Amino acid sequence: MTERAAVRERFSGKVAIVTGGSAGIGLATVRELCREGASVALTGIEPDLGADVEKMLKGEGFDVLFLGGDMAEEQFCASVVQNVLGKWQRLDFLVNNAFSFVAKGRDAERTDWERTYRVGPIAYATMAAKVAEPMKQSGGGAIVNVSSISARIAQPNRWTYNSAKGAVANLTRCIALDLATYGIRVNSVSPGWIWTREVEKAAGGDRAKWEPVWGEYHMLRRLGEPVEVAAAILFLLSSDASFITGADLPVDGGYQGLGSEGLGSTSQFAGSH
Ligand SMILES: NC(=O)c1ccc[n+]([C@@H]2O[C@H](COP(=O)([O-])OP(=O)(O)OC[C@H]3O[C@@H](n4cnc5c(N)ncnc54)[C@H](O)[C@@H]3O)[C@@H](O)[C@H]2O)c1
């Protein structure tokens, strides 16, 4: 990973919602937004973890609010927006990040399908619809939907997750079109393999063993860090991206650019940073 740039203050006085902000990519996004001056509401489905994270971030001097609940429930989505407006009286940014990791194929039950879509694209759409008016009243805003490389490719036994991420890709364009007149830009990021809990679980906690293997799916021959996705999300939220909407930004170390030949015959894990 490259050296991180000095902290800029692109988001002073701004208010953001980050769904699934108590771990992984969401938590990194919350912290980077706070470091650049924003006040942030973060949601999570694990109340104890969320309370600990809120305490930790407040201890770092950040203005945050944890809201525990399930993004699959419309009432919870509505309460998140209400809580934010009650606390800060404005809303500038939304990061739709929480998703269901149910990854099933032929064995998927209807309940698996329903869960995947309700936590994923349906919640993304619900939140976008609910924030539109408050963001407009705050002078416009920006939304970033967290998609995935899985939105565009087939992977074994992944009918649920990959199709739901595919839905996010076109949902992003449709929301971008309709909210442009509200002064709201809407984009997505598509991460490659990022070292978070899900990947750590798959690796049995053994990063040294699995990074050389999974790293080879990426031109950069390594996994990504949550903060590298957060940096791309902040770019898309910021005025640096003022003429970008309806777009997807891959944050995948070159994953999507590789073909069937993979890294080629010179392939060797080099831990490129
Ligand atoms: N880690 C990767 O390699 C990777 C790759 C591509 C895309 N992504 C995407 O990045 C996003 C974040 O993934 P991560 O790896 O950081 O996950 P994570 O498990 O580290 O964190 C998930 C967060 O979402 C919250 N959450 C989960 N279900 C929820 C629900 N129903 N309601 C409210 N909150 C809920 C959790 O409490 C937690 O805060 C997801 O959209 C995922 O699909 C991850």
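Conventions used here
Residues numbered from 1 in each chain as written. Predicted model: local features only at pLDDT ≥ 70, side-chain atom pairs only at ≥ 80, totals over all residues. Heavy atoms only, no water. Salt bridge = Lys/Arg side-chain N within 4 Å of Asp/Glu carboxyl O. Helix = DSSP H or I, 4+ residues; strand = E, 2+ residues; numbered from the N terminus. Buried < 20%, exposed > 50% of the residue type's maximum accessible area, 1.4 Å probe, protein only. Pairing = 2+ DSSP bridges. Axes fitted to C-alpha atoms, helices over the stretch in contact; angles between N-to-C directions. Contact = heavy atoms within 4.5 Å. Parallel < 35°, antiparallel > 145°, perpendicular 65-115°, else oblique. Left-handed = near helix turned anticlockwise from the far one by under 90°. Right-handed = clockwise from strand over helix to strand, strands pointing away.

J.: What exactly am I supposed to notice about the pattern of salt bridges here?
T.: Two side chains that carry opposite charge are able to pair once their charged atoms sit near each other. The final tally for this structure, using the stated rule, is 16 salt bridges. In this structure, Glu36 engages Arg10 in a salt bridge whose closest nitrogen and oxygen atoms are separated by 2.9 Å. You can see Glu36 sitting in the loop between α1 (24-35) and β2 (39-44) and its partner Arg10 sitting in the segment before β1 (15-18), a full 26 residues away along the chain. Salt-bridge contacts for Lys201 lead to Glu198; the nearest nitrogen and oxygen are separated by 3.4 Å. On the criterion of helical spacing, the pair formed by Lys201 and Glu198 is a turn pair, its members being three residues apart in helix α7 (residues 197-202). On the accessibility criterion, Lys201 (60% relative accessible area) is exposed. Each of the salt bridges in this network shares a partner with another, and the network as a whole consists of Arg10, Glu36 and Asp240.

J.: I'm lost on the sheet that holds β2 in this one. Help?
T.: Strand pairing in a sheet is mediated by backbone hydrogen bonds. Such pairs are either parallel or antiparallel. A sheet is described by the order of its strands in space; here seven strands give the open sequence β3-β2-β1-β4-β5-β6-β7, paired in parallel fashion. On the outer flanks of this sheet lie β3 (64-68) and β7 (248-251), each paired with one strand and no other. Between one strand axis and the next, the sheet turns through 15 degrees on average, direction left out of account. Two strands pair when backbone bridges link them, and strand β6 (residues 184-191) and β7 are joined in this way by four bridges, in the parallel orientation. Its bridge partner lying in β7, Ser190 is registered against Pro250. Contacting β5 (141-146) and β6, helix α6 (residues 159-179) crosses the sheet at an angle of about 165 degrees to β6.

J.: Mind showing me how you'd approach the packing of α1 against helix α9 (residues 226-237) here?
T.: Two numbers describe a pair of packed helices, the interaxial angle and the distance between the axes. Close contact between α1 and α9 brings their axes to 8 Å; oriented N to C, the two are set at 55 degrees. Taken as axis vectors, α1 and α9 run oblique relative to one another. Of the two possible hands of crossing, α1 and α9 adopt the one that is right-handed. Across the interface between the two elements, Gly24, Ile25, Ala28, Thr29, Glu32 and Leu33 from α1 touch Pro226, Val227, Val229, Ala230, Ile233, Leu234 and Leu237 from α9.

J.: I would appreciate a short explanation of the pairing of β2 in the present structure.
T.: Moving residue by residue along a regular strand, the side chains alternate between the two faces of the sheet. In terms of burial, β2 is a largely internal element, six of the six residues being buried. Both faces of β2 are covered, namely the face carrying Ser39, Ala41 and Thr43 and the face carrying Val40, Leu42 and Gly44. Where β1 meets β2, four bridges bridge the pair, whose relative direction is parallel. Paired with Ile17 across the strands is Ala41, a residue of β2. As a crossover connection, the stretch from β1 through α1 into β2 is right-handed. Handedness of the β2-helix α2 (residues 47-59)-β3 crossover: right-handed.

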